[in-house]
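Examining the three-dimensional arrangement
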Amino acid sequence: MGIGELDREAHVPEGRPSGTAAGPRTLAEALRARGDDGLAALLRARPDLLGPVPNDLTQLATRAGTRASVVRALERLDRFSLQVAEALAVAPDPAPYPVLAGLFGGGPDAPEVEAALPRAVALLRERALVWGEDDRLRLVRTARELLSPSPQHPSPTGLGPTVAEATAGMSPGRLQEIVAAAGLPSTHDPVSAVAALTALFTDRKRMGALLDTAPPEALSVLDRLVWGPPYGEVTAKPTPPVSWLRDRGLLLPVSPRTMVLPREVALHLRGGRAHRAPEPRAPEPVVTRAYPPRTVDAAAAGQAYAALATVEELLKSWDHGGPAVLRAGGLSVRDLKRTAAALDVPEPVAAFWLELAYGAGLLASDGEADERYAPTPAYDDWLDQPPAERWARLVTAWLPATRTPGLVGGQDAKGRTLSALGPDLDRAAAPEVRHRVLVLLATLPPGAAADPESLLARLRWERPARGTSATGRPGAAPAGAAAPGPAGTTGATGATGAEPGAAGPWASEIRTPAPAAPAAAPRPAADLRERLARWVLDEAELLGITGRGALSTPARALLNLPVDAPAEPGAEGGGVEAEVAAERAAELLEPLLPEAVDHVLLQADLTAVAPGPLLRPLADALAVLADVESKGGATVYRFTPGSVRRALDTGRSASDLHAFLAAHARTPVPQPLAYLIDDVARKHGHLRIGAASAYVRCDDDALLGEILADRRSAALGLRRLAPTVLAAQTDPSSLLDGLRAMGYAPAAESAAGDVLVTRADARRTPPRTAPAPVPDGPPAPDATLLAAAVRAIRAGDHAATAVRKEPAVPVAAGGLPRTSAAETLATVQAAAMTGSAVWIGYVNAEGAASQRVIAPVRVEGGFVTGYDHTADEVRTYPLHRITGVAELADEELS
């Protein structure tokens with residue numbers, strides 16, 4: 001649709017228009033008749049109309065009819081509202097409300113449809129997709145074009161073109177033949193012939209009499225087309241049943257091999273119904289099991305604590321630098337597998353934890369030339385917080401995140417594999433689907449777990465794929481819907497009532513759908529929303545937002561929903577700051593988490609058992625001194641020569657380690673463990689490594705001779721420089737690792753000869769901010785912005801529709817007034833003296849032109865200062881930027 005057509009739909013005649021007794025004549029007039037609350041509701045539902053704020057209501061109406069905006073609005077309708085819009089697209093324009101109601105009448109769900117139809121019409125009218133009074137309902141032209149049937153885009157209703165549309169290119173002679181075969185008197189022109197056929201097909205009594213004479217096989221053909229698609233292929237020489245239908249206009253040709261069932265005929269066979277299965281009521285989530293709320297909260301708290309431990313374990317393993325960043329960004333497949341193996345989880349779950357840490361700002365690339373992943377400084381701050389607050393930070397980062405770890409391992413549009421932490425993982429619909437799934441869970445009683453399929457059915461109803469039915473085919477019945485059966489053809493028709501596609505002598509005569517009108521495939525976006533919903537359920541369980549499939553009490557508080565009762569069906573949460581809701585959720589979670597303990601139980605087999613979660617300092621120190629052997633209700637640590645050496649590398653002595661164990665063990669330190677610490681400490685630092693290329697020095701020359709004689713040292717390229725010094729042909733770190741692999745315990749030293757002490761948290765990235773979510777269109781406006789926008793639009797509309805005196809030089813429609821500089825100055829000076837308002841044309845510094853109504857107060861120094869009714873404030877304008885000025889009419893001033 002071109003701009004000219006939009007202007008005709010939204011155009012407002014000169015002067016102040018007002019709706020007539022018959023209702024508004026344009027969408028702009030319909031919007032002008034709304035109150036401020038109505039305009040605010042439109043802008044809230046369609047925030048794309050605010051970018052930028054329209055100058056007046058005519059511009060708002062024009063923008064509301066653009067294709068991009070209408071498509072976005074249609075995609076945000078629920079299934080029944082979309083069905084109503086689809087019905088209006090095949091109804092006469094304008095359509096009285098009874099005609100629209102008739103397109104939904106006659107079915108077993110008639111009472112529900114009758115109750116839901118006014119709400120759906122009100123919703124479409126609120127969103128400016130429908131305008132006009134109930135006796136003249138009009139679908140916005142762009143929406144009609146999108147939803148109306150055509151050979152390239154069949155209607156979701158399964159209806160085809162009208163008789164007038166299908167016969168547009170037919171010869172007058174052929175039309176007269178059809179009229180005669182249908183038993184109608186001949187006409188003098190094609191227009192009256194089409195009108196006669198339309199009248200016949202919409203008259204139930206005469207149409208029934210015509211179909212009573214039809215062969216049963218012809219009725220079987222109609223039954224195959226009645227619910228769509230309405231197109232079918234025929235052979236070059238149609239058989240008698242198809243010829244009978246074609247001769248009487250019950251099938252009309254759209255190409256030499258393709259026939260179509262006219263809309264009027266299909267509606268008659270359907271009993272006037274536009275949709276086979278209207279869905280006026282949203283499906284309710286089904287409860288599969290109900291648990292005591294305490295059981296759910298306990299299970300969720302356990303998952304929450306496990307989530308914290310997993311994130312800590314992941315980032316601790318990357319303390320000294322994680323995997324390298326791919327050239328295209330992200331983590332390699334090999335590194336993802338290693339991470340999954342280290343966490344003992346499947347690769348998709350490992351990708352989720354990586355993306356969660358990245359989204360919370362705890363993990364990032366270091367930005368070096370040899371770029372690698374590492375924890376950020378925010379990770380250290382996060383570790384210092386209490387467990388409940390750390391959980392709240394993770395889930396508040398997860399809720400609005402658009403990065404979608406479930407896509408990892410898939411391919412993008414160019415066939416490239418999507419990697420964890422890489423680009424192209426953002427999906428703008430993710431936050432909305434995530435929030436909606438959790439809110440639907442909150443509508444169930446506390447402790448109730450929902451059937452996932454029922455949740456998906458509800459989401460499909462709330463956001464259906466435009467152009468497809470529940471089966472993904474235009475006009476197809478939803479799964480489980482009954483076939484039309486005799487109801488489609490009985491009554492006055494006297495038809496046989498054969499099932500669609502029933503076998504018969506002529507069943508193979510017509511094939512559906514035709515290649516000219518292929519069935520529309522489901523939109524990828526619809527499939528993505530369903531996958532997003534499934535991922536949300538899994539991720540919520542991993543995070544402890546749900547326990548055993550039911551929403552936990554802290555999660556209800558996080559969503560700002562009632563914690564001890566089901567939420568209302570239409571609840572959306574929100575209303576308070578996210579930080580406040582997170583604090584409340586953390587307060588509810590804190591007593592559910594296990595209390596940290598300050599001791600371990602040492603055993604003679606060189607293990608230590610932590611009977612619960614350890615305090616942060618104790619856990620950090622023990623993680624350096626011992627290796628985690630198993631996790632669960634109690635964590636088991638194992639002491640090894642390597643782990644003891646690791647603790648000595650941090651600068652601790654053997655006596656420090658003995659004192660640490662004695663202070664935090666509830667059992668005596670076993671003798672094997674004491675011997676292990678002393679034995680490793682005695683060897684630790686006996687060898688000293690520094691930088692030459694690298695060197696080894698030791699006071700014991702016999703030990704150096706032992707190293708040189710060891711075949712395993714050949715790869716290090718060692719040679720003796722002095723009795724106590726060996727030089728190596730490798731770097732210090734490789735030399736350090738090589739000697740440790742041979743069973744020695746060397747210590748690194750600085751250029752000054754001092755022992756280098758390593759820290760577990762030595763590697764951190766520079767400060768990094770968490771990735772910002774990618775918005776799904778413009779953000780929802782708040783109340784302040786809505787009020788300001790409505791005020792500005794009203795003021796601009798007042799200026800645009802103000803009745804003005806006829807200027808000396810006529811002004812073109814929509815143009816700016818033109819007056820000379822002297823006339824402009826004289827008019828604004830006179831208005832300032834009399835206190836009256838004038839209409840001006842103004843061009844700002846960027847060259848944007850606008851019309852304004854101002855009441856001048858002062859004119860001096862080449863500027864006019866006055867109250868601007870358009871902006872609702874006092875402003876100053878340079879006189880040289882005013883293109884012209886005109887006085888307002890007397891009735892406007894009164």
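Residues numbered from 1 in each chain as written. Predicted model: local features only at pLDDT ≥ 70, side-chain atom pairs only at ≥ 80, totals over all residues. Heavy atoms only, no water.

**A closer look at the overall build of the protein**
Counted only if it meets this: Put simply, DSSP marks the helices as runs of H or I at least four residues long and the strands as runs of E at least two long, and each gets a number from the N terminus on. Only protein chains enter the calculation, and the probe is 1.4 Å; a residue is then buried if its accessible area is under 20% of its type maximum, exposed if over 50%, and partly exposed in between. Between two residues, a contact is recorded if the distance between any of their heavy atoms is within 4.5 Å. Residue burial considers only the protein chains on display, and all accessible areas are found by Shrake-Rupley using a 1.4 Å probe.
Regarding its fold elements, the protein presents 35 helices and 25 strands. For the protein, the proportion of its 894 residues judged to be buried stands at 48%. At a minimum sequence separation of 6, the contacts of the protein that also span at least 24 residues come to 67%. As displayed, the protein offers around 40600 Å² of accessible surface, 55% of which is attributable to carbon and sulfur atoms.

**Here's the deal with the sheet that holds strand β12 (residues 601–603)**
Filter applied, for reference: Only strands that DSSP links by at least two bridges are regarded as paired with each other. A fitted line through C-alpha atoms represents every axis, and for helices the fit uses only the stretch in contact; the resulting angles, taken between N-to-C directions, go from 0 to 180 degrees.
Judged by pairing direction, the sheet is antiparallel, and its four strands sit side by side in the order β12-β13-β15-β14 without closing on themselves. Either end of the sheet is taken by a strand with one partner, and the two such strands are β12 and β14 (627–630). Looking at each pair of strands side by side, their axes are set apart by 30° on average, direction ignored. Bridge count between strand β13 (residues 607–610) and strand β15 (residues 635–638): four bridges; the pairing is antiparallel. Each residue of the ladder has a partner; that of A610, found in β15, is T635.

**Remarks on the pattern of salt bridges**
Formally: A side-chain nitrogen of Lys or Arg and a carboxyl oxygen of Asp or Glu constitute a salt bridge if their distance falls within 4 Å.
Under the criterion given, the structure shown has 38 salt bridges. Among the ionic pairs, R125 bridges to D134, the shortest N-O distance being 3.0 Å. Two residues, E432 and R529, come together in a salt bridge whose shortest N-O distance is 3.7 Å. Separated by 97 residues along the polypeptide, E432 in helix α22 (residues 430–442) and R529 in helix α24 (residues 524–543) bring together distant segments of the chain.

**What to know about the packing of helix α12 (residues 190–201) against helix α13 (residues 204–212)**
Keep this limit in mind: Throughout this description, any angle smaller than 35 degrees is read as roughly parallel, any larger than 145 degrees as roughly antiparallel, any in the 65 to 115 degree range as roughly perpendicular, and the remainder as oblique. Charged residues are taken to be Asp, Glu, Lys and Arg, nonpolar residues to be Ala, Val, Leu, Ile, Met, Phe, Trp, Tyr, Cys and Pro, and polar residues to be all remaining types, Gly included.
It is at 6 Å that the axes of α12 and α13 come closest, and there the two elements cross at 85°. Judged on the interaxial angle alone, α13 and α12 are roughly perpendicular. Residues A199, L200 and F201 of α12 touch α13, and the partners they reach there are R206, M207 and L210. In terms of residue class, the contact of α12 with α13 is built from five nonpolar, no polar and one charged.

**A short note on the packing of helix α14 (residues 216–225) against helix α15 (residues 240–247)**
One can describe the packing of α14 onto α15 by two numbers: an axis separation of 8 Å at closest approach and a directional angle of 70°. The pairing of α14 with α15 is recorded here as roughly perpendicular in orientation. Residues E217, A218, V221 and L222 of α14 lie in contact with α15, whose contacting residues are P241, V242 and L245. Residues of the contact of α14 with α15, tallied by class, amount to six nonpolar, no polar and one charged.

**Here we look at the environment of R881**
In this fold, R881 is placed in the loop between β24 (873–878) and β25 (882–887). Under the relative-accessibility criterion, R881 is labelled partly exposed at 29%. Spatially, the C-alpha atom of R881 lies 8.5 Å from that of G841, the residues being 40 residues apart in sequence. Setting aside its immediate chain neighbours within four residues, R881 contacts G841, Y842, V843, N844 and A845.

**Here we look at α14**
Within the span of α14, buried status applies to A218, L219, V221, L222, D223 and L225. Residues of α14 that are buried sit in contact with α13, β3 (231–233), α15 and α16 (263–269).

**Comments concerning the side chain of T167**
One can find T167 in the loop between α10 (163–166) and α11 (172–181). With relative accessibility at 4%, the residue T167 sits in the buried group. Leaving out residues up to four positions away in the same chain, T167 has contacts with L175, V194 and L252.

**Description of empty space enclosed by the protein**
We count it as follows: Lining residues are those with an atom within 4 Å of a point, where the points come from a 1 Å grid over the protein atoms alone and group into cavities, where a 1.4 Å probe fits but cannot get out, or pockets, open sets with protein on both sides within 12 Å along at least five of seven lines. Grid points are joined across faces, edges and corners, and a volume is the space filled by probe spheres set on the points.
Going through the model one piece at a time under the given rule, you end up with three cavities of 30 Å³ or more. Estimated volume of the second largest cavity: approximately 40 Å³. In terms of lining, the second largest cavity is formed by T404, A430, R434, L532, W535, V536 and E539. If you list the elements that add at least two residues to the lining of the second largest cavity, you get α22 and α24. A total of four residues in the lining of the second largest cavity trace back to one element, the largest contributor, which is α24.

**A closer look at the pairing of strand β19 (residues 725–728)**
With four bridges joining them, strand β17 (residues 694–697) and β19 adopt antiparallel strand pairing. Across the sheet, residue A694 finds its bridge partner in β19, namely A728. Sheet topology note: the strand β18 (residues 719–722)/β19 ladder contains three bridges and is antiparallel. Bridge assignment links A722 to a residue of β19, and that residue is V725. The turn joining β18 and β19, which pair antiparallel and follow one another in sequence, is formed by two residues.

**Concerning the environment of V311**
Looking at where V311 falls in the secondary structure, it is placed in helix α17 (residues 293–316). The exposure class assigned to V311 is buried, which follows from its relative accessible area of 0%. In the structure, V311 is positioned 42 residues away from W353 in sequence and 6.7 Å away in space, judged by C-alpha atoms. Filtering out sequence-adjacent residues up to four positions away, V311 remains in contact with W353, L356, L362, W382 and L394.

**Here's the deal with the sheet that holds β3**
The strand order across the open sheet formed by three strands is β3-β5-β4, and the pairing between neighbours is antiparallel. Across the chains shown, the open sheet's two edge strands, defined by having one partner strand only, are β3 and β4 (252–255). Mean inter-strand twist for the sheet, computed between neighbouring axes without regard to direction, equals 35°. Across three bridges, β3 lies against strand β5 (residues 258–260) in antiparallel orientation. Across the sheet, the residue bridging to G232 is M259, located in β5.

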